[in-house]
Amino acid sequence: MRKWWPLTAVCLGAFILLVDVTIVNVALPSMADDLDASFSSLQWVIDAYALALAALLLASGSLADRFGHRRFYIYGLGVFGLASLVCGLAPNAEVLIAARVVQGAGGAAMFATAPALLLTSYQGRDRGTAFGVWGAANGAAAAAGPLLGGLLTEHFSWPTIFWVNLPIAAVAIAMTLRVVRADQPADQPVGSPGHGARPGGTPARVDIPGATAFTVAAATLTYGLIRGGEVGWTSAEILATFAVTALALVAFVVIEHRTARRGGAPMLDLALLRRPSFAALMSGALLLQGGAFGCLVLVSLWLQSVLGLSPVGAGLALTPMAGASFLVAAVAGRHIQRLAPRLPIGVGLLFVAAGMLLLRAGMTADAGQTALMGGLVVAGIGVGLATPVLVSAATSTVPQRQAGMAGGAVNTFRQLGMTLAIAVLGTVFTSRTATALAGPGTVPDPDKGASALAAGQAQHVMDAAPSGHRDAAHQLVREAFATGLDRVFLVSALAAAVGGLIVLALVRPPRRSAAGGAVTVRAAAVPGHGGSAGGGEGAGDGDGDGAGDGASDPDGARDRDGASDSDSAGDRDGVAHGGSASDSDSASDRDGVRTAAAAGRRRA
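Because the structure is predicted, anything quoted here is derived from the model rather than measured. Per-chain numbering applies: the sequence of each chain, read as written, is numbered from 1 onward. Only residues with pLDDT of 70 or above have their local features reported here, since the model is predicted, and side-chain atom pairs are shown and tallied only from 80 upward, although totals for entire chains, interfaces and linings are computed over all residues. Hydrogens and water are ignored here; the side-chain numbers use all heavy atoms of the structure.

Draft legend 1. Examining the nonpolar core more closely. Note on terminology: a nonpolar core comprises buried Ala, Val, Leu, Ile, Met, Phe, Trp, Tyr and Cys residues joined through side-chain atoms within 4.5 Å. Burial classification: accessible surface area is computed with a 1.4 Å probe over protein chains only, and a residue below 20% of its type maximum counts as buried, one above 50% as exposed, and the rest as partly exposed. Among the nonpolar cores identified, the biggest contains 118 residues, and Val-24, Met-31, Leu-96, Trp-302, Leu-303 and Leu-485 are the most heavily contacted of them. Helix and strand labels come from DSSP, where a helix needs a run of H or I of at least four residues and a strand needs a run of E of at least two; each type is numbered from the N terminus. No other element matches the 13 residues that helix α16 (residues 403-438) contributes to this core. Contact criterion: two residues are considered in contact whenever any of their non-hydrogen atoms come within 4.5 Å of each other. For Met-31, the residues in contact, after removing those within four places along its chain, are Val-24, Asp-36, Leu-42, Val-45, Leu-96, Trp-158, Ile-161 and Phe-162. The next biggest cluster of nonpolar side chains, apart from the first, holds 33 residues, and it includes Leu-53, Ala-108, Leu-117 and Leu-118.

Draft legend 2. Looking closely at a nonpolar patch on the surface. Patch members must show over 30% relative accessible area and no salt bridge, and they are joined within 9 Å when carrying like charges or within 5 Å when they are nonpolar side chains of Val, Leu, Ile, Met, Phe, Trp or Tyr. Method for areas: the Shrake-Rupley scheme with a 1.4 Å probe, in which residue coverage is limited to the protein chains shown. By convention in these notes, a salt bridge is any Lys or Arg side-chain nitrogen within 4 Å of a carboxyl oxygen on Asp or Glu. Residues Leu-85, Val-86, Leu-89 and Trp-163 make up a contiguous nonpolar surface patch of roughly 330 Å² in combined accessible area. Among the elements that take part in the nonpolar patch, helix α4 (residues 69-89) stands out by supplying 3 residues, more than any other. Looking at the element boundaries, Leu-85 is found in helix α4.

Draft legend 3. Main features of the environment of Pro-509. Tracing the backbone through its elements, the reader meets Pro-509 in the loop between α19 (470-506) and α20 (567-575). In this structure the C-alpha to C-alpha distance between Pro-509 and Pro-341, which are 168 residues apart in sequence, comes to 7.5 Å.

Draft legend 4. Fine view of the packing of helix α3 (residues 39-67) against α4. Relative orientation of the contacting elements α3 and α4 amounts to 150°, with a least axis distance of 9 Å. Between α3 and α4, the angle falls in the class roughly antiparallel. In terms of crossing hand, the pair formed by α3 and α4 is right-handed. For the pair α3 and α4, the contacting residues are Tyr-49, Ser-60, Leu-63, Ala-64, Asp-65 and Phe-67 in the first and His-69, Arg-71, Phe-72 and Phe-80 in the second. Split into classes, the residues belonging to the contact of α3 with α4 amount to 6 nonpolar, 2 polar and 2 charged. Working convention: axes come from line fits to C-alpha atoms, limited for helices to the stretch in contact. Angles between N-to-C directions cover 0 to 180 degrees. When describing relative orientation, an angle under 35 degrees is termed roughly parallel and one over 145 degrees roughly antiparallel, while 65 to 115 degrees is termed roughly perpendicular and anything else oblique. Take the far helix as your reference; a near helix turned counterclockwise from it by less than a right angle gives a left-handed crossing, and one turned clockwise gives a right-handed crossing. For this classification, the nonpolar set comprises Ala, Val, Leu, Ile, Met, Phe, Trp, Tyr, Cys and Pro, the charged set comprises Asp, Glu, Lys and Arg, and every other residue, Gly included, is treated as polar.

Draft legend 5. Quick look at unusual backbone geometry. Despite not being glycine, Asp-36 shows a phi value in the positive range, around 50°. Mapped onto the elements of the fold, Asp-36 is located in the loop between α2 (28-35) and α3. The class of Asp-36 is exposed, set by a relative accessible area of 66%.

Draft legend 6. Quick look at helix α8 (residues 165-179). Under the convention used throughout, the expected extent of a helix is 1.5 Å for every residue step, that is, one less than its residue count. Look at α8: 21 Å from first C-alpha to last across 15 residues, which is about the 21 Å you get at 1.5 Å a residue. Asn-165, Ala-169, Ala-172, Met-175 and Thr-176 are the residues of α8 that are buried. Taken down its axis, α8 places every buried residue within 135° of arc, on the same side. Elements in contact with the buried residues of α8: α1 (5-22), α4, α5 (93-121) and α7 (160-163). Within this analysis, the arc is defined by the directions that extend from the helix axis to the C-beta atoms.

Printed below as a string of structure tokens:
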């Protein structure tokens, strides 16, 4: 069992990284009470973390390529652990949000380096097994988050959901130093533009200007969407915010284009977005994450503040989605990898849309937690179908030398989808709820009442009503919350359905090589919020499946030109940005495709 200690170290980091995505949901009402936080502050508690992950993921991959994956992974664990300590000690919402940003920065470092560490620690069949187990740990973390958060919040306090990361991070750091061998970035083979090295052999500079422009654009867009519902969409503040967003996006496009033209290493090669399949998959990743998980924050608040469930009860009520996605990915993972990617992704998105419509159908003023069961299970099935092949599908639509960039882009779009969905759905909810509260006239200030409901303070709204109208206020609160969730589920369903149709219409199978084999690059990636993942059945080894974002061992996968990359270059390209992992170790895969190593020797 000694050989599996490196896998254990990587899985520990993955667990705390992903459990912190979903563990916060059920603790939000307690945070709101203790910190006197508004709904927009609660949104930022989640969005700040996801936004930092999305903005820094690709840049972290480049830095790790340059300075060493093990070193960067350890730095990420240390930053994540210290930020978790500050999160638990935060005296107000502002400090908590700032600490969550730092947490996300540490998480991005872990996110981007984990596949590289597994690639350097394992070979052949062991590599496929390692990625499968790592994927299963990812799915388990997402599934355990709500329940673990409920247990810690109810029996201790909400800060413990952050403090529990400290001992795990410390053990992971000690184990990584002891059992994971240090990589030597200077000795790595020369890569291609976009993967951390220039053709001449000198390290490419990290695309800091591009990362900065992307971060500013994403942050200001999210801020505008969250703040717009409070101060008005035509206010000077919001118009100025969106103007900054537009300028930052233009700057990002100019910077990336200029960097690529000069032979540098852009954060994202924008030419990839001109490929219909790649662009459609990015849209699918964005809308899958937003459509499936953006509503769960509000559902958790409904469960606790309106139905009166405990944090543990709310966590249990939310587990059907994560559980269903985990089981589907684990059981069907290796089989759906053999399908044309547009089918499991497109159909999975349509399943998510159907699940949201089922949730909408069951959401009435008198609904209880059982009304969520069917919709969450159906949506979870969709997530389990779509998530495992997202990264592998994206990497198969680009040249092999850009596989790492493509995989990192998928994870970036997924995190961004979650961030924007929380902002948009929060605005939709408060707008719809305020309209419902304004009707009977029982609530003096409907806008303030809607914000209170969104912050998990339904009891405060009911207590503010005149004594003779308490029963009517209670019923009105239930009706208003149900009306708001009804609209949220509808928007989520539309987003997922649009994503599914885009994928089914535009994603096409990869070109075939001269030998007639399909071009495929199966990838290992880290799932995002609540997403379980899928089976990474490696070519040449049939046991690399798991629940995670997909783990694979594509021995001898060819690039778009039909030529196989060398073993070492394939490995590095596959992990340059944490998005994919390639393995070219065996003599041949089960389809008889010659390995990258053999092709590399022939070219030499």
